[in-house]
Amino acid sequence: MTNKQCYVTFLMGLLTALYSCRRAGPLPEKLWQAPDTAMIPHTAEGDRIRYGRSLIAHTARYLGPQGSVAQISNGMNCQNCHLDAGTKPWGNNYGSTASTYPKFRARSGTVESIAKKVNDCFVRSLNGATLDSNSPELQAIIAYIQWLGKDLPKGYKTPGSGIRELPYLPVAADTVKGEAVFLQQCQRCHGADGYGERPAGATEYRYPPLWGPGSYNTGAGLYRLSRFAGYVKYNMPLGVDDQHPLLSDEDAWNVAAFVNSQPRPAKAFPADWPDIRTKPPDHPFGPFSDTFPAVQHKYGPFGPIARHHKK
């Protein structure tokens, strides 16, 4: 084979490879990865960061009903919602929290700090009370969250942060179908009664309650179906991830509807969404800036509401 023939063969191979890549679509996005905890410095600040991580992973041990520091929360751990101590990609993590806060949030109509975000979780998801702004516990949690995001430039939201959104279903989410999904996929950990599993004498749940008096209240982020559906799709049953989901989109929406149709602590937040025009389509509490019924704002279909708001 001549040099010219070799060159032509090389070009043909290169073009074939490029065409194959184009047909296969774009490469998967590189998701945020948390820094290695072994790199936390052995200093006073490092001790604060480690304490913050422990507070996220074992909140009930310190701040639950039998907490060693205070008794201000329902017994769930922060990492029951923020998986792997807030580090799992698409697991409601804290990856971009430090880089994007302080920021304006339509829910409060104010610019919020990380402290405000943390205390909102204590009041809503942990159905409890706020931490004092000067407490070692709040300062430690903030230090840990800031350490997690230390490598991201200010204002940058990295892929894989928070919860991955799912497309809206064209119909309302179905609680009956959702119950079937729950019984098949969820009850073995969370129990048929949804109250979770906590070993006798333990201060922490092995698997958290999804409803009932020990679960998150009606003001929590996961009480919105879109948040719960996106969370469960790429994280549940425990062990799945965004590359290997088990539930279909429809199953995720339906099980979210079933779980959030069950009784749980009710707590009103009348100051939420001071500009009602900015309420998400799946925020289930009025007043609304549209004429869609409250049941549609809770279970969908959300597409018509979203299209109406875009107008």
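Here, every reference points to the structure presented above.
What counts as what
- Residues numbered from 1 in each chain as written.
- Predicted model: local features only at pLDDT ≥ 70, side-chain atom pairs only at ≥ 80, totals over all residues.
- Heavy atoms only, no water.
- Helix = DSSP H or I, 4+ residues; strand = E, 2+ residues; numbered from the N terminus.
- Contact = heavy atoms within 4.5 Å.
- Lys, Arg positive; Asp, Glu negative; His and termini not counted.
- Charge placed at Lys NZ, Arg CZ, Asp CG, Glu CD.
- Phe/Tyr/Trp six-rings, centres within 6.5 Å; stacked < 30°, edge-to-face > 60°.
- Buried < 20%, exposed > 50% of the residue type's maximum accessible area, 1.4 Å probe, protein only.
- 1 Å grid on protein atoms, 1.4 Å probe; cavity = no way out; pocket = protein on both sides within 12 Å on 5 of 7 lines; lining within 4 Å.
- Points joined across faces, edges and corners; volume = space filled by probe spheres on them.
- Nonpolar A, V, L, I, M, F, W, Y, C, P; charged D, E, K, R; others polar.

Caption draft 1: Region of interest: the overall build of the protein. For the protein, the count of helices and strands is twelve helices and two strands. Going residue by residue from the N terminus, the α and β elements of the protein occur as α-α-α-α-α-β-β-α-α-α-α-α-α-α. Of all intrachain contacts in the protein linking residues separated by at least 6 positions in sequence, the fraction that spans at least 24 positions is 62%. Considering the protein, the positive charge centre built from 34 side chains and the negative charge centre built from 25 side chains are found 5 Å apart.

Caption draft 2: Layout of the packing of aromatic side chains. Within this structure, the stated rule accounts for eight aromatic pairs. Ring geometry for Tyr 51 against Tyr 62: centres 5.6 Å apart, planes inclined by 80°, an arrangement best described as edge-to-face. Of this pair, Tyr 51 sits in helix α2 (residues 44-57) while Tyr 62 sits in helix α3 (residues 59-63), and the two are eleven residues apart along the sequence. Accessibility expressed as a relative area gives 25% for Tyr 51, which makes it partly exposed. The interplanar angle of 40° and the centroid separation of 5.8 Å between the aromatic rings of Trp 253 and Phe 302 together place this pair among those described as tilted.

Caption draft 3: Spatial organisation of the layout of surface pockets. Computed from the structure, the second largest pocket encloses a volume of approximately 590 Å³. What lines the second largest pocket is a set of 33 residues, and nearest its centre among them are Asn 80, His 190, Pro 208, Met 236 and Leu 238. Of all the elements in the fold, those that place two or more residues in the lining of the second largest pocket are α4 (83-86), α8 (175-190), α9 (225-233) and α10 (249-260). In terms of residue count, the dominant contributor to the lining of the second largest pocket is α8 (six residues). Its residues assigned to classes, the lining of the second largest pocket shows 22 nonpolar, six polar and five charged.

Caption draft 4: Broad picture of empty space enclosed by the protein. Applying the stated criterion across every chain yields a total of one cavity of 30 Å³ or more. Approximately 120 Å³ is the volume found for the largest cavity. Around the largest cavity sit 15 residues that line it, and Cys 78, His 82, Tyr 94, Val 118 and Cys 121 are the ones nearest its centre. Put simply, the parts of the chain that give the lining of the largest cavity at least two residues each are α6 (114-123) and α7 (136-148). Ranked by residue count, the leading element in the lining of the largest cavity is α6, at four residues. In terms of residue class, the lining of the largest cavity is made up of eleven nonpolar, three polar and one charged.

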